[in-house]
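Architecture at a glance
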Amino acid sequence: MTLALANVLQKKVRSAICILAVGIGVALLLVVVGLTRGSIQEVAQRIQNVGGDLIVQPAGATQFLALKSGVLPEQYAERLRKIPGVAAVSPVVAWTTTFRNGFYVVYGIDPERFSSIGGGLRIVDGRALRGPGEVIVDSRLAAAARLSVGERIEILGSRFEIVGVSKEGVGARIFLSMAELQTMLHQEKRVSLFFVRCTSPAAVKATAAAIESDLAGVRCQILEGLADEMARSMSGLREFIGAITGTTLVVSLLVVSLAMYMTILEKTREIGILRSLGASRRLIMGSVVLESMLLTGCGVVAGYALTAAAVTALRAWYPLLTVEITRFWILLGGGVGIASGLLGALYPAWFAARQDPVRALSYE
Amino acid sequence: MTSQGASDVPRGSDIRVRGLVKEYRSGRIIVPALRGIDLDVASGTFAAVMGPSGCGKSTLLYVVGGMLRATAGSVRVHDLEVTHAPERELTAFRRGRVGFVFQRLNLMAALTVEDNLKLACRIAGRRDRCNERIRALLERVGLEGKRRMRPLDLSQGEQQRVAIARALVKEPSLVLADEPTGNLDSTNARSVMALFRQIVTGGGPTILMITHDAECAAVADTIIHMRDGAAVGRSGVHPRSASAAPGVEERRA
């Protein structure tokens with residue numbers, strides 16, 4: 001341990017580069033996964049926070065609600081309301097818009113019916129929607145874009161007055177009257193989806209089945225567990241995260257391996273001395289692996305620190321981004337870092353242990 | 001120099017070499033380094049091996065120390081047949097019974113003087129009274145005030161004295177020194193030789209030293225001369241230690 005630690009401390013620049021490389025790998029993994037999962041989680045959470053138990057969409061529709069607009073007849077609301085187990089129904093037109101270089105989901109809602117699902121929007125400044133030409137933004141967008149009540153903004157080619165700011169985390173970030181959005185999209189009497197509140201949690205599954213049976217061509221999505229369902233349905237997400245994890249592992253492994261290999265070439269003579277002292281091959285391998293573990297251990301800690309710094313910076317610069325790094329991913333990131341150190345040290349350690357002691361002693 | 005039969009081996013012989021051959025191979029080319037050496041070094045004596053460069057002195061030392069495999073012949077150190085011992089036994093032999101001193105750069109640069117000695121103790125599994133032995137040895141080599149320093153902060157002479165202390169810290173029965181004064185000025189060389197002399201006189205381990213320097217070799221109890229991979233003779237017993245080296249033997253051609 002003393003020798004491994006002394007080597008780490010003696011070669012400060014090499015150690016720093018190695019630690020930084022592993023740290024960047026770990027941070028890259030955690031931030032990218034955190035951003036990906038955070039965005040999905042945040043979208044799912046906002047949908048769930050509307051308060052319903054089900055969403056009714058056209059069959060085959062994506063869980064990312066804004067990707068299709070008015071495709072269901074609005075009068076389905078009445079039919080849904082009559083199905084046993086349904087307590088409340090709110091039709092919503094979902095659409096997307098760019099606003100100040102950001103990409104946002106817009107909900108066209110009927111405030112009264114939207115409130116019947118789970119309490120609706122909690123207005124923290126201004127008032128609720130009353131008519132055309134009005135818009136509500138959520139508090140996170142208001143803070144990020146420095147918007148305030150009374151300000152006029154342009155959305156979907158029309159100008160709107162911000163009449164209220166709602167507490168963040170429910171549905172979309174921008175809300176306007178459903179009728180107005182339908183007109184703007186040329187989708188009169190058509191909606192994207194229906195939020196449905198059931199009479200009891202126990203009735204959710206049966207109600208979903210009843211809806212799908214009663215209304216041909218619709219699909220009921222149970223909102224509980226929506227985030228996992230969304231993550232699963234995102235084609236290539238798992239592969240993307242796997243690729244990032246693999247890249248981190250390979251890059252860190254190569255850096256550690258190169259650093260340890262160079263160290264061993266540099267210390268060839270010392271390896272000869274260790275052999276002359278009676279150090280076994282196992283001991284020399286252990287010493288190399290231990291040194292590598294010290295470097296990657298520090299690299300993992302550096303990676304955690306870099307991740308914390310990156311997340312803080314992202315939140316400051318892009319307040320609408322959500323980064324969610326769970327304990328599982330923190331442990332996995334650390335594990336990937338340590339594994340890279342272990343695997344990266346194996347060949348150099350083997351190489352060191354196989355050195356001919358006499359040749360090693362005469363190494364220049 | 002003739003071979004000596006096993007029955008003729010003197011009692012108390014620490015190193016016994018018989019018909020030792022070592023050849024280096026490079027493709028089809030065979031380079032003989034040792035051509036059938038016989039020699040004995042008695043327990044508790046100081047033997048020097050002299051000869052021109054390339055005559056096989058260092059090869060002899062490394063074969064005796066279990067660092068190189070012989071091509072033929074026998075090397076027995078104490079009760080271990082070094083030439084036929086498996087790798088694990090040779091490692092254990094170096095770990096517990098042999099201390100090496102090399103010509104240069106033979107300390108761990110990242111470790112302090114004290115940690116270099118502790119490392120040798122740890123590898124040898126001699127943790128008992130380790131600190132006590134280190135203190136005593138550093139005092140003996142005149143470096144007690146420099147135990148926290150790193151090798152590169154010491155002079156070459158001081159580094160070599162640390163290396164000697166490291167070789168001795170595990171209390172080996174044999175010290176093998178490969179040109180220990182090769183990089184030292186005459187003052188430091190004399191100091192190192194005086195230290196070796198003192199170690200042997202004080203009942204320390206047997207020392208087998210390779211040297212070019214006749215003045216250094218003269219400090220030894222006996223000098224074995226080598227030429228072209230063969231032992232060609234021996235100079236007389238050192239007068240100061242004649243009584244302490246009763247078992248030193250030689251065979252002349």
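In what follows, the accompanying structure is described. (Residues numbered from 1 in each chain as written. Chains lettered and ligands numbered in written order. Predicted model: local features only at pLDDT ≥ 70, side-chain atom pairs only at ≥ 80, totals over all residues.)

Some words on the overall build of chain A
Here is the rule we go by: Numbering of helices and strands runs from the N terminus, with a helix taken as a DSSP run of H or I at least four residues long and a strand as a DSSP run of E at least two residues long. Buried residues are those with 20 or more other C-beta atoms within 10 Å of their own C-beta, exposed residues have 12 or fewer, and partly exposed residues lie in between; C-beta atoms are placed from the backbone. Here, residue contact means that the backbone-derived C-beta atoms of the two residues sit within 7 Å.
Scanning chain A for helices and strands turns up 13 helices and 12 strands. The proportion of buried residues among the 364 residues of chain A is 43%. Long-range pairs, those at least 24 residues apart, make up 84% of the contacts in chain A between residues at least 6 apart in sequence.

Considerations on the overall build of chain B
Regarding its fold elements, chain B presents seven helices and 10 strands. A separation of at least 24 residues holds for 70% of the contacts in chain B among residues at least 6 apart in sequence.

Details of the interface of chain B and chain A
Just so we agree on the cut-off: The nonpolar class holds Ala, Val, Leu, Ile, Met, Phe, Trp, Tyr, Cys and Pro. Asp, Glu, Lys and Arg form the charged class, and all remaining residues, Gly among them, are polar.
Facing the 21 residues of chain B at the interface are 16 residues of chain A. Elements with a contribution of two residues or more to the side of chain B that touches chain A: α2 (87-96) and α3 (113-124) of chain B. Here the residues of the side of chain B that touches chain A sort into 15 nonpolar, three polar and three charged.

Overview of the sheet that holds strand β10 (residues 230-235) of chain B
All names here are of chain B. Inclusion rule: Between any two strands, at least two bridges found by DSSP are needed for them to pair. Every angle, taken between N-to-C directions, lies between 0 and 180 degrees, and every axis is a line fitted to C-alpha atoms, over only the stretch in contact when it is a helix.
Reading across from one edge, β6-β7-β8-β3-β9-β10 is the order of the six strands in this open sheet, with mixed pairing throughout. Looking at the sheet topology across the chains shown, the edges are occupied by β6 (98-101) and β10. Taken pair by pair, the neighbouring strands of this sheet meet at an average axis angle of 20°, ignoring direction. Relative to strand β9 (residues 222-227), strand β3 (residues 46-50) runs parallel, the two sharing four bridges. Residue pairing in the sheet places Ala 48 in a bridge with Ile 223 of β9. On top of the sheet, helix α1 (residues 57-64) reaches β3, β7 (174-178), β8 (206-211) and β9; it is set at about 155° to β8, its chief contact.

Some details on the nonpolar core
Condition: Linking buried Ala, Val, Leu, Ile, Met, Phe, Trp, Tyr and Cys residues through C-beta atoms within 7 Å yields a set, and such a set is a nonpolar core.
Residues Val64(B) and Leu208(B) are the most contacted members of the largest nonpolar core, which totals 121 residues. Ranked by residue count, the leading element in this core is helix α2 (residues 12-48) of chain A, at 11 residues. Aside from chain neighbours lying at most four places away, what touches Val64(B) is Ile15(B), Val75(B), Val77(B), Val82(B), Leu176(B) and Leu208(B).

Side note on the environment of Val196(A)
Residues and elements named next belong to chain A. Take Val 196: it is sitting in strand β11 (residues 193-198). Of the residues examined, Val 196 has 28 C-beta atoms within 10 Å and is grouped as buried. Expressed as a C-alpha distance, the spacing of Val 196 and Phe 114, which sit 82 residues apart in the sequence, is 9.9 Å. What Val 196 contacts, discounting residues up to four positions off in sequence, is Gly 52, Asp 53, Leu 54, Val 56, Leu 80, Val 86 and Val 89.

Topic: the packing of α2(A) against helix α11 (residues 281-317) of chain A
All names here are of chain A. Our working definition: Here is the rule for angles: anything less than 35 degrees is roughly parallel, anything more than 145 is roughly antiparallel, 65 through 115 is roughly perpendicular, and the remaining ranges are oblique. The hand of a helix crossing depends on one turn: near helix anticlockwise from the far one by less than a right angle means left-handed, and clockwise means right-handed.
Axis separation between α2 and α11 bottoms out at 6 Å; the angle between their running directions is 45°. Our classification of the angle between α2 and α11 gives oblique. Where α2 crosses over α11, the handedness of that crossing is right-handed. For the contact of α2 with α11, a count of residues per class yields 16 nonpolar, eight polar and no charged.

Digging into the pairing of strand β4 (residues 102-109) of chain A
Residues and elements named next belong to chain A. Judged from the eight bridges that link them, strand β3 (residues 86-99) and β4 form a sheet pairing that is antiparallel. From the neighbouring strand, Val 92 faces β4, where its bridge partner is Ile 109. Two successive antiparallel strands, β3 and β4, enclose a turn made up of two residues, where Arg 100 displays a positive phi of approximately 50°. Alignment of β4 against strand β9 (residues 174-177), held across four bridges, turns out to be parallel.

Some details on the pairing of β9(B)
Residue and element names in this part refer to chain B. As paired strands, β9 and β10 are joined by five bridges and run antiparallel to one another. In the sheet register, Arg 227 faces β10, and the bridge partner there is Ala 230. What sits between the antiparallel neighbours β9 and β10 is a turn of two residues, in which Asp 228 has the positive phi angle 50°.

A look at the environment of Ser116(A)
All names here are of chain A. Looking at the secondary structure, you find Ser 116 in helix α4 (residues 111-118). Between the C-alpha atom of Ser 116 and that of Val 89, which follows or precedes it by 27 residues, the distance is 7.5 Å. Other than its neighbours up to four places away in sequence, Ser 116 contacts Ala 88 and Ser 90.

Examining α2(B)
Regarding α2(B), the residues found buried are Leu90(B), Thr91(B), Phe93(B), Arg94(B) and Arg95(B). Against the buried residues of α2(B) lie α10 (268-276) of chain A together with β5 (80-81), β6 and α3 of chain B.

With respect to the packing of α2(A) against helix α12 (residues 327-353) of chain A
Residues and elements named next belong to chain A. Running from N to C, α2 and α12 cross one another at 150°; their axes reach a closest spacing of 9 Å. The orientation of α2 relative to α12 falls into the category roughly antiparallel. Crossing handedness for the pair α2 and α12: right-handed. Contacts from Val 22, Gly 25, Val 26, Leu 29, Leu 30, Val 33 and Gly 34 of α2 reach α12 at Trp 329, Ile 330, Gly 333, Gly 334, Val 336, Gly 337, Ser 340 and Gly 341.

Quick word on α10(A)
For α10(A), the buried fraction is high: seven of the nine residues fall into the buried class. Within the span of α10(A), buried status applies to Glu270(A), Ile271(A), Gly272(A), Ile273(A), Leu274(A), Arg275(A) and Ser276(A). Those residues of α10(A) that are buried lie in contact with α11, α12 and α13 (357-361) of chain A together with α2 and β6 of chain B. Two residues or fewer past α10(A), Gly278(A) is found with a positive phi of approximately 100°.

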